[in-house]
Amino acid sequence: MVIATTIAGIVAYVIVNFVLFLATLAAADGVASDHKSLALIGGAVLLALIAFGGGTLLLLLRKPWSRGLGLGLMIGWALLTIFTAGFCTGVNPSFYTDGLL
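Given the structure is predicted, the values throughout are model-derived calculations rather than measurements.

Conventions used here
- Here the residue index of a chain counts from 1 through its sequence in written order.
- Thresholds applied to this predicted model are a pLDDT of at least 70 for local features of residues and 80 or more for the giving and counting of side-chain atom pairs; totals over whole chains, interfaces and linings are not thresholded and use all residues.
- Derived side-chain values reflect all non-hydrogen atoms in the structure, with water molecules and hydrogen atoms excluded from consideration.
- Think of it this way: any DSSP run of H or I at least four residues long counts as a helix, any run of E at least two long counts as a strand, and we number them from the N terminus.
- Residue exposure (1.4 Å probe, protein chains only): buried if accessible area is under 20% of the type maximum, exposed if over 50%, otherwise partly exposed.
- Contacts were defined at the residue level, with two residues in contact if any of their heavy atoms lie within 4.5 Å.
- Throughout, the Shrake-Rupley method with a 1.4 Å probe supplies accessible areas, and for residues the shown protein chains are the sole cover considered.
- The convention used is that axes are lines fitted to C-alpha atoms, helices contributing only their stretch in contact, and that angles between N-to-C directions extend from 0 to 180 degrees.
- These descriptions rest on fixed angle ranges, namely under 35 degrees for roughly parallel, over 145 for roughly antiparallel, 65 to 115 for roughly perpendicular, and the rest for oblique.
- By definition, any crossing whose near helix is turned counterclockwise from its far helix by less than a right angle is left-handed, and any crossing with a clockwise turn is right-handed.
- Given a helix with a known number of residues, its expected span is that number minus one, times 1.5 Å.

### Re the overall build of the protein chain
Moving on, step 1. Within the protein chain, the secondary structure is distributed over four helices and zero strands.
Moving on, step 2. Along the protein chain, helices (α) and strands (β) appear in the sequence α-α-α-α when read from the amino end.
Moving on, step 3. A buried classification covers 32% of the 101 residues belonging to the protein chain.
Moving on, step 4. Taking contacts inside the protein chain between residues at least 6 apart in sequence as the whole, the part at least 24 apart equals 54%.
Moving on, step 5. Carbon and sulfur atoms make up 78% of the accessible area of the protein chain, which totals about 6000 Å².

Spelled out as C-alpha coordinates, the structure:
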(Lines give C-alpha, C1' and ligand atoms only; values in the text may rest on other atoms or scores of the structure.)
Protein backbone atom coordinates (compact mmCIF):
# COMPACT_ATOMS: atom_id res chain seq x y z
CA MET A 1 0.00 0.00 0.00
CA VAL A 2 2.78 2.41 0.88
CA ILE A 3 4.62 1.76 -2.39
CA ALA A 4 1.49 2.31 -4.49
CA THR A 5 0.64 5.57 -2.74
CA THR A 6 4.25 6.72 -2.99
CA ILE A 7 4.09 6.30 -6.76
CA ALA A 8 0.73 8.09 -6.76
CA GLY A 9 2.31 10.93 -4.76
CA ILE A 10 5.14 11.26 -7.26
CA VAL A 11 2.70 11.40 -10.17
CA ALA A 12 0.49 13.89 -8.31
CA TYR A 13 3.46 16.15 -7.62
CA VAL A 14 4.59 16.05 -11.25
CA ILE A 15 1.11 17.14 -12.35
CA VAL A 16 0.87 19.91 -9.73
CA ASN A 17 4.41 21.04 -10.56
CA PHE A 18 3.63 21.24 -14.28
CA VAL A 19 0.53 23.37 -13.71
CA LEU A 20 2.22 25.70 -11.21
CA PHE A 21 5.35 25.92 -13.36
CA LEU A 22 3.30 27.13 -16.32
CA ALA A 23 1.30 29.52 -14.11
CA THR A 24 4.50 30.96 -12.63
CA LEU A 25 6.06 31.51 -16.05
CA ALA A 26 2.84 33.10 -17.30
CA ALA A 27 2.72 35.40 -14.29
CA ALA A 28 6.39 36.32 -14.71
CA ASP A 29 5.83 37.23 -18.36
CA GLY A 30 2.46 38.90 -17.90
CA VAL A 31 1.21 40.51 -14.73
CA ALA A 32 4.51 40.56 -12.85
CA SER A 33 6.75 41.36 -15.82
CA ASP A 34 8.37 44.21 -13.87
CA HIS A 35 9.07 41.87 -10.95
CA LYS A 36 9.95 38.67 -12.82
CA SER A 37 12.42 37.41 -10.22
CA LEU A 38 9.88 37.90 -7.42
CA ALA A 39 7.28 35.84 -9.31
CA LEU A 40 9.81 33.07 -9.96
CA ILE A 41 10.92 33.00 -6.33
CA GLY A 42 7.30 32.86 -5.21
CA GLY A 43 6.63 29.94 -7.53
CA ALA A 44 9.68 28.06 -6.30
CA VAL A 45 8.74 28.62 -2.66
CA LEU A 46 5.16 27.52 -3.32
CA LEU A 47 6.33 24.30 -4.99
CA ALA A 48 8.66 23.53 -2.09
CA LEU A 49 5.89 24.22 0.43
CA ILE A 50 3.54 21.87 -1.38
CA ALA A 51 6.16 19.14 -1.49
CA PHE A 52 7.68 19.43 1.97
CA GLY A 53 4.91 21.10 3.94
CA GLY A 54 2.20 18.91 2.49
CA GLY A 55 4.43 15.86 2.65
CA THR A 56 5.23 16.46 6.31
CA LEU A 57 1.58 16.95 7.20
CA LEU A 58 0.67 13.73 5.45
CA LEU A 59 3.47 11.88 7.24
CA LEU A 60 2.20 13.15 10.58
CA LEU A 61 -1.21 11.56 9.94
CA ARG A 62 0.51 8.18 10.45
CA LYS A 63 -1.73 6.20 8.13
CA PRO A 64 -0.26 3.91 5.44
CA TRP A 65 -1.88 5.81 2.57
CA SER A 66 -0.87 9.23 3.92
CA ARG A 67 2.69 8.13 4.65
CA GLY A 68 3.17 6.95 1.08
CA LEU A 69 1.55 10.04 -0.40
CA GLY A 70 3.68 12.36 1.73
CA LEU A 71 6.88 10.55 0.79
CA GLY A 72 5.78 10.61 -2.85
CA LEU A 73 5.39 14.41 -2.80
CA MET A 74 8.89 14.84 -1.41
CA ILE A 75 10.43 12.27 -3.73
CA GLY A 76 8.64 13.87 -6.68
CA TRP A 77 10.16 17.26 -5.85
CA ALA A 78 13.63 15.71 -5.56
CA LEU A 79 13.33 13.76 -8.81
CA LEU A 80 12.11 16.77 -10.77
CA THR A 81 14.90 18.88 -9.34
CA ILE A 82 17.50 16.31 -10.35
CA PHE A 83 16.10 15.45 -13.79
CA THR A 84 15.50 19.07 -14.86
CA ALA A 85 18.62 20.49 -13.15
CA GLY A 86 16.36 22.65 -10.98
CA PHE A 87 14.56 24.30 -13.91
CA CYS A 88 11.06 23.02 -13.14
CA THR A 89 11.32 23.54 -9.38
CA GLY A 90 13.02 26.96 -9.50
CA VAL A 91 16.11 25.81 -7.63
CA ASN A 92 18.62 26.83 -10.31
CA PRO A 93 18.23 30.61 -10.75
CA SER A 94 20.91 30.82 -13.45
CA PHE A 95 18.37 29.53 -15.97
CA TYR A 96 16.18 32.55 -15.29
CA THR A 97 18.76 35.26 -14.82
CA ASP A 98 21.01 34.44 -17.80
CA GLY A 99 18.30 35.33 -20.27
CA LEU A 100 17.07 31.82 -20.99
CA LEU A 101 13.49 32.92 -20.31
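### Overview of the side chain of Ser66
Moving on, step 1. Position of Ser66 among the secondary structure elements: in helix H3 (residues 64–83).
Moving on, step 2. Since its relative accessible area comes to 0%, Ser66 is described here as buried.
Moving on, step 3. Aside from chain neighbours lying at most four places away, what touches Ser66 is Leu58, Leu59 and Leu61.

### Observations concerning the packing of helix H2 (residues 36–60) against H3
Moving on, step 1. Two numbers describe how H2 lies on H3: the axes approach to 7 Å, and their chain directions differ by 160°. When the interaxial angle is binned, H2 and H3 end up roughly antiparallel. As H2 packs across H3, the resulting crossing turns out to be left-handed. Of the residues in H3, those touching H2 at Leu47, Ala48, Ile50, Ala51, Phe52, Gly54, Gly55, Thr56, Leu58 and Leu59 are Trp65, Ser66, Arg67, Leu69, Gly70, Leu71, Leu73, Met74 and Trp77.

### Comments concerning helix H1 (residues 2–29)
Moving on, step 1. The end-to-end C-alpha distance of H1 is 40 Å, a good match for the 40 Å that 28 residues give at a rise of 1.5 Å each.
Moving on, step 2. Residues of H1 that are buried: Thr5, Thr6, Gly9, Tyr13, Asn17, Phe21, Thr24, Leu25 and Ala28.

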